[in-house]
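Read off the chains here:
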Amino acid sequence: METANTTMQAVHQAGWGGRDQLSVKKMTRPVPKSNDVLVRVSTVSIHAGDHHMLTGRPYFIRGMGRRKIPGMDFAGTVEVVGNSVKTVKSGDRVFGTTDMACGAFAEFVCAPVDNIVHIPESVDFATAAAVPTSAMTALQALRKGRPTEKGDSILINGASGGVGTFAVQLAVSMGARVTGVCSSRNVELVKQMGAEKVIDYTKEDICGEYDRIIDAVGRPPSHWKALLAPEGSLVAVAMPNSESEWVPCQIFRVLCFPFCCCCFLSQKFYFFMQEVKKEDLQELSSMLASGKLKPAIGKHVSGLSKIPDTLNDHSNTLGLGHTSGKTVISIGEK
C-alpha cells in the first residue's frame, strides 16, 4: 500500500512530443542510492535541454530512453542522504541538476551529491534554481579553447536569454569588453547585465571584430567568420537547426567551416556541450554569495500544475532569440 511517505506529486511525461504528453499525477517518490541526495524541491527552472527531452528531437535523444518525470535544474532542502554522502545533511539548502537523468519537476528529486552545492545564506531558492545548467554553460563556453582574458572583445548572440544573460555577466567579471546582441525589447536588460555595447539586431547590422563569439541562438558559422579576429574563436552553444536529424552534419558545419582542414586555421570553431562539474557549481555559488552574479529572472510562476504550460511556452520561443532571462517555477517552500 502506498503511503504519503512513498508517493509525491510530479509532472509525468507519457511519451515524446509536446504539451499533450504532460500531466501532473501521483508518482512513487525516488529513493536515494548510496551517493545520492533526496531533495524536497522548492523551485525549478527551464532550459533548452528540457525541451529536447520532451520532444525527443533530434531523434538520437530517444536512444537515451524517455524519462517519466522531466526537468533538470532545481533548488530545495535536503530530505535524506545516501550512506556514502558526507558533505551535505538533512535540512541543508542546496541547488543543482539531475542533468540528462531528469526527474526535477516533482515534489522530490534524487541527484548525485556531485551535482549539487549549498545555497549561500543570502540567496533565495528561485535565484539558485535559475543557475545550474545555463550558468555552467556560459562559464564553460567562456573557457573553451583559450580561456577568456582581460581586455578580450567578446560578442554574445542571444545575450538576453538564459545562457546569454549569464555569459554577459561572467565575461564582464573576467575583464572582457562585451557586446550583446538581442531584440529591441531586451536592450535595457542586456545593458543591466553589464554589456559595454548592445546591438539591436532588428535595427542594425552586427559589425566589429571579436576575439570570441558565443552563439547561444544557433546561426550558421558563415554568419560569424567575418566578425572574428584573425585568431578569434566561435563557440556554438546552440546548433543551427537544433532539431535537425542530421546532427553529425550540423556539428561538422560548425567545426569545419569553411574548410575541411580547419584545424590548420588560426580562427577556431567549437561545437560546445555543457558538462556538470561540481567545481563550476561551487564557483557560481560563491559568485551568487558575493553579488557578482545575479540571474535575470524573466518569468516566475508558482505551482507544480503550471509546469506543463510553462514548458510549452518556453519551447515555442526556443531558437528565436526572443527569450528574456530565465523561467522559474516555485512548487514548494519559499
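Preceding this paragraph is the structure being described.
Below or above, wherever it landed, is the structure these notes cover. Owing to the predicted nature of the structure, the values given are computational and were not obtained by experimental measurement.

Here's the deal with the sheet that holds strand E13 (residues 268–271)
Alright, step 1. On the basis of which strands lie adjacent, the open sheet formed by six strands has the order E10-E9-E8-E11-E12-E13 and parallel pairing. The open sheet terminates on both sides in strands that have one partner only, identified here as strand E10 (197–200) and E13. With strand direction ignored, the average angle separating the axes of adjacent strands in the sheet is 15 degrees.
Alright, step 2. Two elements, strand E8 (residues 153–157) and strand E11 (residues 210–215), share four bridges in a ladder whose sense is parallel. Bridge assignment links Ile156 to a residue of E11, and that residue is Ile214.
Alright, step 3. Across the sheet, helix H3 (residues 132–143) touches E8, E11 and strand E12 (228–236), and the angle it forms with E11 is around 150 degrees.
Alright, step 4. Contacts from helix H4 (residues 162–173) reach E8 and strand E9 (177–182) within the one sheet, and its direction differs from that of E8 by about 170 degrees.

Quick word on the pairing of E10
Alright, step 1. Summarising the sheet, E9 and E10 pair through four bridges and their orientation is parallel. Counterpart to Cys182 in the pairing with E10 is Asp200.
Alright, step 2. For the segment spanning E9, helix H5 (residues 187–192) and E10, crossover handedness is right-handed.

Topic: the packing of H3 against H4
Alright, step 1. For the pair H3 and H4, interaxial distance at closest approach is 8 Å and the crossing angle is 50 degrees. Here H4 runs oblique to H3, going by the angle between their axes. Classified by chirality, the crossing of H4 by H3 is right-handed. On the side of H3, the interface is formed by Ser134, Ala135, Thr137, Ala138, Leu139 and Leu142, while H4 contributes Gly162, Val163, Phe166, Ala167, Leu170 and Ala171.

Here's the deal with unusual backbone geometry
Alright, step 1. In the Ramachandran plot, Asp99 falls in the positive-phi region, its phi being about 55 degrees despite a non-glycine side chain.
Alright, step 2. Here Asp99 shows up in the loop between strand E5 (93–97) and strand E6 (108–112).
Alright, step 3. Residue Asp99 is classed as partly exposed on the basis of its relative accessible area of 25%.
Alright, step 4. Phi at Cys102 is positive, roughly 60 degrees, even though this residue is not glycine.

Rules and cut-offs
Residues numbered from 1 in each chain as written. Predicted model: local features only at pLDDT ≥ 70, side-chain atom pairs only at ≥ 80, totals over all residues. Heavy atoms only, no water. Pairing = 2+ DSSP bridges. Helix = DSSP H or I, 4+ residues; strand = E, 2+ residues; numbered from the N terminus. Axes fitted to C-alpha atoms, helices over the stretch in contact; angles between N-to-C directions. Contact = heavy atoms within 4.5 Å. Right-handed = clockwise from strand over helix to strand, strands pointing away. Parallel < 35°, antiparallel > 145°, perpendicular 65-115°, else oblique. Left-handed = near helix turned anticlockwise from the far one by under 90°. Buried < 20%, exposed > 50% of the residue type's maximum accessible area, 1.4 Å probe, protein only.

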